[in-house]
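Take a look at the letters that make up each chain.
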Amino acid sequence: MRIHCKVVVIAVCFGVFLLLYFLGGNAADDPLLKEVVEEEEEEDSNSSPSSSELGRDVAAKFARKPPAGLGVRPEEPLKGRKEVKTINRGASVNAKSKLRNNVGRPAIRRSRAEEVMHLAVVACGNRLDETLTLIKSALLFSLKKIKFHIFAEDPLAPQFEERLKQWPRSVSAKFQYSIYPITFSVGNADEWKKLFKPCAAQRLFLPVILKDVDSLLYVDTDVLFLRPMDDIWSLLKSFNSTQLAAMAPEHEVPKIGWYSRFARHPFYGVTGVNSGVMLMNLTRIRHTMFKNSMIPSGLSWEDLLHPLYQKYKNHITWGDQDLLNIIFHYNPECLFIFPCQWNYRPDHCMYGSNCKGAEEEGVSILHGNRGVYHDDKQPAFKVVYDAIRDFPFEDNMFQSLFYPIQTKFLDTVNTLCGRIPQVFLKQIEKTMKKVYEDKVVHHVRSHK
């Protein structure tokens with residue numbers, strides 16, 4: 001009997017133990033508590049899924065009817081606090097995520113819009129083909145979109161329109177353009193127009209005319225880009241707080257420089273500057289009072305031009321370039337000087353090679369002044385011009401542009417400028433390789 005009682009007691013105890021075990025195990029394994037614990041652990045470890053998904057999942061799970069025996073009612077503070085916290089966090093993060101997505105796209109578009117480069121050129125007389133070849137060279141190598149500001153005589157304007165519309169769509173997508181009449185805001189228009197070369201003085205009035213343009217690269221029509229315009233455009237970031245324009249020296253050697261030997265007016269530095277390639281921060285130009293020899297308090301750019309011309313018109317030879325030299329003679333702190341390879345002219349090789357930057361890096365911008373693109377005095381310049389002019393836009397650059405230049409250069413090695421072919425070829429070869437990599441190699445990689 002005693003043994004029977006002991007067995008019954010042991011069985012009852014064992015049953016109670018099992019009952020407690022299962023009740024405790026069910027509570028511990030309850031999905032709601034388990035998910036809340038897991039959520040808190042995931043928050044601590046920062047390895048949760050997206051916060052918006054977490055908020056929705058936990059809120060939905062708290063909304064379910066709690067299992068019997070848990071003893072947590074929907075109106076109890078614990079549940080209410082957890083639900084509000086989780087839903088608010090998820091909704092907030094989701095809203096921020098949507099805000100970032102919605103705001104990010106316009107921001108990217110604005111950033112791209114700000115990166116458009118502005119290039120101005122003035123074309124008069126028979127400069128149509130030369131100007132189109134200049135524009136073509138800028139488009140062949142540049143990366144960002146370019147806005148061209150073309151100032152042209154009335155007969156040339158429709159010809160520019162017609163020729164530019166004939167270019168392939170793949171090229172047209174890379175640029176925009178506006179065509180402006182030749183205008184001078186102060187003084188006698190006919191007098192300005194005849195200063196030095198036809199219409200050349202127009203560049204002096206660009207800050208006044210292009211009021212909505214912040215920065216601008218002006219180039220003469222006889223300029224060719226042998227590397228991306230982006231590279232010279234980036235020099236704007238090198239300006240200090242007082243600099244508002246950039247040009248290259250007129251010459252590298254004072255003993256054979258024109259200004260240092262013949263000028264009858266003030267000029268910048270030791271050899272003067274050449275204005276055929278001129279990078280400008282137009283906003284700064286418009287807001288600066290320029291020192292001068294006429295009015296001690298200084299004059300704005302527009303107010304300075306006409307009296308300056310009237311004072312020096314009988315002493316200047318190179319027209320608007322001389323006026324710029326006078327302005328920056330009195331305001332040297334406003335000028336940034338870039339090296340000669342950014343404005344490489346026959347003067348850098350016809351008296352012996354005197355542009356060290358071009359010898360080391362190659363020519364970046366070729367400036368064929370003295371009419372060398374259209375005669376045989378410096379055939380090295382003409383070879384480059386003819387090759388770019390005749391290059392079909394969508395042909396292979398190495399086959400249809402670089403190799404013809406390289407081959408024809410062999411005929412110029414006995415000339416003053418042709419005897420240093422690496423100066424002309426180094427940068428353009430480097431540029432073409434980069435264009436090839438960007439267009440072909442990256443395209444192939446993106447499709448793997």
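Keep in mind the model is a prediction, meaning the values are calculated, not measured.

Engineer: Describe helix 17 (residues 397–409), with residues and values.
Structural biologist: Under the 1.5 Å per step criterion, the end-to-end length of helix 17 is 17 Å for 13 residues, consistent within 8% with the ideal 18 Å. A bend of about 30° at Y403 is the largest found in helix 17, and the proline P404 appears one to four places after it. For helix 17, the full list of buried residues reads M397, F398, L401, F402, I405 and F409. Capping of helix 17 at its N-terminal end is provided by N396; its side-chain oxygen lies 2.9 Å from the backbone amide nitrogen of F398.

Engineer: Provide a residue-level description of the side chain of H149, including the pertinent values.
Structural biologist: On the secondary structure map, H149 appears in strand 2 (residues 146–152). The class for H149 is buried, based on a relative accessible area of 2%. Looking at H149, its side chain comes within polar contact range of the side chain of Y180, at 2.7 Å. Those residues in contact with H149 that sit more than four places away from it in its chain are H118, L119, A120, V121, S178, Y180, L210, V213 and L216.

Engineer: Tell me about the confidence of the model for the protein chain, residues and numbers included.
Structural biologist: Looking at the protein chain, the pLDDT average stands at 81 and 72% of residues meet or exceed 70. When the criterion is pLDDT under 50, residues 25–112 qualifies, and its contacts beyond four places in sequence or with other chains add up to 42 contacts.

Engineer: Requested: an account of helix 6 (residues 157–165), with residues and values cited.
Structural biologist: When helix 6 is considered as a whole, its buried residues turn out to be A157, F160 and L164. All buried residues of helix 6 lie within an arc of 60° about the axis, which places them on one face of the element. Opposite the packed face of helix 6, turned more than 90 degrees from it, sit the exposed residues P158, E162 and K165. Elements that come into contact with the buried residues of helix 6 comprise strand 1 (117–123), helix 5 (128–141), strand 2, helix 7 (169–172) and strand 3 (175–180).

Engineer: Now, about the pairing of strand 6 (residues 245–249): what can you tell me, with residues and values included?
Structural biologist: With five of its five residues buried, strand 6 lies for the most part within the structure. When strand 6 meets strand 7 (residues 273–281), the two strands line up antiparallel, connected through four bridges. Across the sheet, residue A246 finds its bridge partner in strand 7, namely L279. Pairing of strand 6 with strand 8 (residues 335–337), which is carried by three bridges, proceeds in the parallel orientation. Bridging across to strand 8, M247 finds its partner in I337.

Definitions and cut-offs
Residues numbered from 1 in each chain as written. Predicted model: local features only at pLDDT ≥ 70, side-chain atom pairs only at ≥ 80, totals over all residues. Heavy atoms only, no water. Helix = DSSP H or I, 4+ residues; strand = E, 2+ residues; numbered from the N terminus. Expected span 1.5 Å × (residues − 1). Bend = angle between axes of the 7 residues up to and from the residue. Buried < 20%, exposed > 50% of the residue type's maximum accessible area, 1.4 Å probe, protein only. Polar contact = N/O pair within 3.5 Å; in protein donor to acceptor, adjacent residues only side chain to side chain. Contact = heavy atoms within 4.5 Å. pLDDT = per-residue confidence, 0-100. Arc of directions from axis to C-beta. Pairing = 2+ DSSP bridges.

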